[in-house]
Amino acid sequence: MKAIGNLILILMLGGCAAAPTLEELEDQALLTGDWSQVEKRERTIARRQAGEPIDCANGYVSYCETRIATTRCRCVSRSAMRDMFRQF
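What you see is a predicted model, and the numbers here were worked out from it, not measured in a lab.

Asker: I would appreciate a short explanation of the overall build of the protein in the present structure.
Answerer: In terms of regular secondary structure, the protein is built from four helices and two strands. Its helices and strands taken in sequence order, the protein reads α-α-α-β-β-α from the N to the C terminus. Looking at the 88 residues of the protein, the share that counts as buried comes to 9%. Put simply, 2% of the contacts in the protein that link residues at least 6 apart link residues at least 24 apart.

Asker: I would appreciate a short explanation of the state of the cysteines in the present structure.
Answerer: Structurally, a disulfide amounts to a covalent bond that connects the sulfur atoms of two cysteines. Within the structure shown, the criterion is met by two disulfides. Residue pairing for Cys56: its cysteine sulfur links by disulfide to Cys75, the two sulfurs lying 2.2 Å apart. The S-S bond linking Cys56 to Cys75 shows a torsion near -90°; that makes this disulfide left-handed. You can see Cys56 sitting in the loop between α3 (36-50) and β1 (60-67) and its partner Cys75 sitting in strand β2 (residues 70-77), a full 19 residues away along the chain.

Asker: It is not clear to me how the pattern of salt bridges should be interpreted in this structure. Could you clarify?
Answerer: Applying the stated criterion across every chain yields a total of one salt bridge. Close ionic contact of Glu65 with Arg67 constitutes a salt bridge, the shortest N to O distance being 3.7 Å.

Asker: I'm lost on the pairing of β1 in this one. Help?
Answerer: Note on strand geometry: in a regular strand, side chains alternate between the two faces of the sheet. Examined bridge by bridge, β1 and β2 share eight bridges and lie antiparallel to one another. Opposite Cys64, over in β2, you have Cys73 as the bridge partner.

Asker: I tried to follow a positive patch on the surface on my own but got confused; where do I start?
Answerer: A cluster of like positive charges, contributed by Lys40, Arg43, Arg47, Arg48 and Arg72, occupies part of the molecular surface. The element best represented in the positive patch is α3, accounting for four residues. Assignment of secondary structure puts Arg43 in helix α3.

How each quantity is defined
- Residues numbered from 1 in each chain as written.
- Predicted model: local features only at pLDDT ≥ 70, side-chain atom pairs only at ≥ 80, totals over all residues.
- Heavy atoms only, no water.
- Helix = DSSP H or I, 4+ residues; strand = E, 2+ residues; numbered from the N terminus.
- Buried < 20%, exposed > 50% of the residue type's maximum accessible area, 1.4 Å probe, protein only.
- Contact = heavy atoms within 4.5 Å.
- Disulfide = S-S within 2.5 Å.
- Salt bridge = Lys/Arg side-chain N within 4 Å of Asp/Glu carboxyl O.
- Pairing = 2+ DSSP bridges.
- Patch = residues over 30% accessible without salt bridge, like charges linked within 9 Å, V, L, I, M, F, W, Y side chains within 5 Å.
- Areas by Shrake-Rupley, 256 points an atom, 1.4 Å probe, with all protein chains shown as cover.
- Lys, Arg positive; Asp, Glu negative; His and termini not counted.
- Charge placed at Lys NZ, Arg CZ, Asp CG, Glu CD.

Right, here's the structure in full:
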């Protein structure tokens, strides 16, 4: 039981890993001339705000959740989706 608690803690801490802000990415792009990361972040932000499903690889489907006025979409394997619905 303690191992499960430790695993959950490790996964939660991994989700809190620091990512550069959009402003930091812009500063870096000004220095390097490579704006691809800035554009990628802006597309991600726009997708989250729009709540649009994302394109997923073969064998995966888009799964979106709305929580407190924010919608997050991610790719989930079809087998994982089947397993989620079997629980109900």
